[in-house]
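Descriptive analysis of the structure
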Amino acid sequence: MIRVDDYDFDLPEELIAQTPLKERDKSRLMVVDKKGSEPKDYVFSDLVDLLDEGDILVFNDSRVIPARLFGHRKDKEEKVEFLLLKELGDDRWQCLSKPGKKAKVGTEFFFGDELSLVVDEVDEEGLRYVTLKYDGILYEILDRLGTMPLPPYIHEKLEDQEMYQTVYAKDPGSAAAPTAGLHFTDELLEKLKNKGIEELFITLNVGLGTFRPVTSEFIEDHKMHEELYTVSEEVAAKINAAKKAGKKVVAVGTTTIRTLESAADENGEVRAGSRWTNIFIYPGYKFKVVDKLITNFHLPKSTLLMLISAIMGRENALHAYKIAVDRKYRFFSFGDAMFIE
């Protein structure tokens, strides 16, 4: 059994990035290898020189929806917050609510004149299952009424909502951004393409796992929540051909690596389609598809720190994080990045 406390580290609060850089690709980039050599410092735009012609870059093109809503009960003035997490079909959603004690089964909440919801069910974890009522196109209504669901450790107001979207975000449905992709610009993508690096896109709608910490004593007791991913026939075929040709597959972000590893069969062949995954990657996992990873710096004792430890080893990962703290890298969603070779 692996203890969750083995993935703890000291992080000064001032290193938690509160705002994104105006020039996305000017963030810092720490390059480390799986063998544990000393990390090297770069700027993210140097990625063009760090990747080789023929490498395959795979991105998650999910778009964050303004999923945080503040509503009220009929004839009541107090605000109740709802965070839409997962679309279940037929206008039903899984969501978080605060304060939860007000969101009882059968209660209806109103958000302006365009949208309301009724609480249908409360599960053992306190998650609400609700039915939305509205006229029109839901995502357009959410654009008008909702706000970006920024993580709880970000206290600054976001001036431009698009700064919490990747420049290639396309498919709406996420409750949080795939933040490793926030460092890319259109210009950088063009430079990578011109070097002969192929850019492919999958979709994983980021859900509850982003917001829920690991509370169990042992890693093996933690349950990941399901998220929906989609891999197209074209992308699956290109990745499979690249692997057979000996090319390197580079995942942009932990959501991409979880998608590709979920989509692969026991032989490492990526299967096209849309499926739910609750894959939990931690040390001992054998990677079938992904060779390298671009990722941000993650929270102590988080499933994402455990994931990168599966790639590079726990001691190597924690050593790199100690160096990142010493060199004052910026952490979490709006922070700097790491490239694991």
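In case you missed it, the structure is sitting above this.
Throughout this description, residue numbers start from 1 for each chain and increase along the sequence as written. Where totals are concerned, whole chains, interfaces and linings use all residues; where local detail is concerned, this predicted model gives features only for residues with pLDDT of at least 70, and gives and counts side-chain atom pairs only at 80 or more. Hydrogen atoms and water are omitted, and side-chain values are computed over all heavy atoms in the structure.

**Let's talk about the sheet that holds strand S14 (residues 249-252)**
Strand order across the open sheet formed by nine strands is S2-S1-S17-S16-S14-S3-S12-S13-S15, with mixed pairing between neighbours. Every other strand in the sheet has two partners, leaving strand S2 (40-43) and strand S15 (273-277) as the edge strands with one partner each. Here the strands of the sheet are splayed against their neighbours by 25° on average, with no regard to which way each runs. Here a strand pair is declared whenever DSSP counts at least two bridges between the two strands. Counting from the N terminus, the helices are the DSSP runs of H or I reaching at least four residues and the strands are the DSSP runs of E reaching at least two. Here strand S12 (residues 198-204) runs beside strand S13 (residues 227-231); their pairing, made up of two bridges, is antiparallel. Residue Leu-204 lies in a different strand from S13, and its bridge partner there is Tyr-229. Contacts were defined at the residue level, with two residues in contact if any of their heavy atoms lie within 4.5 Å. Convention adopted: a line fitted to C-alpha atoms gives each axis, helices being fitted over their contacting stretch, and angles between N-to-C directions are expressed from 0 to 180 degrees. Where helix H4 (residues 233-244) meets the sheet, its contacts fall on strand S3 (56-60), S12, S13 and S14, and the angle it forms with S12 comes to roughly 130°.

**Quick notes on the pairing of strand S8 (residues 108-111)**
The alternating pattern of S8 places Phe-109 and Phe-111 on a buried face, while none of Glu-108 and Phe-110, on the opposite face, is buried. Direction of pairing for strand S5 (residues 68-73) relative to S8: antiparallel, over a ladder of two bridges. By the bridge assignment, His-72 is partnered in S8 with Phe-110. Pairing of S8 with strand S9 (residues 115-122), which is carried by four bridges, proceeds in the antiparallel orientation. For Phe-109, the partnering residue across the bridge sits in S9 and is Leu-117. In this antiparallel pair of consecutive strands, S8 and S9, the connection spans three residues, and Gly-112 shows a positive phi of 65°. Only protein chains enter the accessibility calculation, which uses a 1.4 Å probe; a residue is then buried when its area is under 20% of its type maximum, exposed when over 50%, and partly exposed in between.

**Remarks on the pattern of salt bridges**
Definition used for salt bridges: Asp or Glu carboxyl oxygen within 4 Å of a side-chain nitrogen of Lys or Arg. Counted according to the given criterion, the structure contains 17 salt bridges. Between Arg-68 and Glu-81 there is a salt bridge; the shortest N-O distance is 2.5 Å. With Arg-68 in strand S5 and Glu-81 in strand S6 (residues 80-89), this pair connects stretches of sequence that are 13 residues apart. Of the two residues, Arg-68 and Glu-81, both sit in the buried class. Two residues, Lys-238 and Glu-198, come together in a salt bridge whose shortest N-O distance is 3.2 Å. Taken as a pair, Lys-238 in helix H4 and Glu-198 in strand S12 lie far apart in primary sequence, 40 residues in all.

So yeah, pure geometry; function would need other evidence.
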